[in-house]
Amino acid sequence: MVFYFTSHDVSVTPPEKYTIYMGLDKFENEDLIKWGFPEDVWFHVDKLSSAHVYIRMPKGKTIDEIPEEVLTDCAQLVKANSIQGNKMNNISVVYTPWANLKKTADMDVGQVGFHSDKEVKTTKVEKRKNEIINRLNKTKQELFPDLREQREERDREDREVAKEHMREQRKKEKEEEKRRKEEAALRDYSTLLTEDKMKSNRECISDEDDFM
């Protein structure tokens, strides 16, 4: 089971919707780690056990473009779903792109590391804000998605976009090649028509005697 929540960037009009999600338990987290999307960003309470929370960013947007209110929603949701962290004030929440998550065979179920610590960011959470948690819980959905199929479908769509881009690129290249050839042909024709290469009829005198 995966829990889905909806957050909004209210700094734009109309507000932009963001999907936040987390697994039911550490076993579900394994699948989330494995089948995440490249545009996903992962959140966790630093140095404490907590839920693995993800936000699915719109394609083309990076971790640095998470709206402030949406970032706060993610951090609050992580804190509220940490047994220890939920009871503490002034905790740190770490977050990083999904692609930076590192999973090795010797790690326990649900455990994860990082490929690069430089890509891990931190945000502070002073205290739990119930008004935020209550708002997010009103959007909560409990679903049973096929995470692998979702990822494979996303990758298929990306491949189709890449193929279409390649087809458009080849079409432009052919059109450009055709244009260059036409321009080259025009230049050759213009060269043939220059004055120093043209003769009048009077200049074209026959060597043969006039029989008239």
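The preceding data block contains the structure.
A brief look at the structure comes next. (Residues numbered from 1 in each chain as written. Predicted model: local features only at pLDDT ≥ 70, side-chain atom pairs only at ≥ 80, totals over all residues. Heavy atoms only, no water.)

This paragraph deals with the environment of Lys124. Position of Lys124 relative to the elements: it lies in strand β8 (residues 121-125). Accessibility expressed as a relative area gives 64% for Lys124, which makes it exposed. Separated by 78 residues in the primary sequence, Lys124 and Asp46 place their C-alpha atoms 10.0 Å from one another. At 2.8 Å, the side chain of Lys124 and the side chain of Ser92 are in polar contact. (Helix = DSSP H or I, 4+ residues; strand = E, 2+ residues; numbered from the N terminus. Buried < 20%, exposed > 50% of the residue type's maximum accessible area, 1.4 Å probe, protein only. Polar contact = N/O pair within 3.5 Å; in protein donor to acceptor, adjacent residues only side chain to side chain.)

A few words on the nonpolar core. The biggest cluster of nonpolar side chains holds 27 residues, and the ones touching the most others in it are Val41, Phe43, Val53, Ile55 and Ile66. Taken together, the elements giving at least two residues each to this core come down to β1 (2-9), β2 (16-23), β3 (40-45), β4 (53-56), α2 (68-80), β5 (91-97) and α3 (130-137). Among the elements that line this core, the one with the most residues is α2, at six residues. Non-local contacts of Phe43, meaning those with residues more than four positions away in its chain, are made with Ala51, His52, Val53, Ile55, Ile66, Leu71, Cys74, Val78, Val93, Val94 and Tyr95. Listed in part, the twelve residues of the second largest apolar core include Tyr21, Trp42, Val94 and Trp98. (Core = buried A, V, L, I, M, F, W, Y, C linked by side-chain atoms within 4.5 Å. Contact = heavy atoms within 4.5 Å.)

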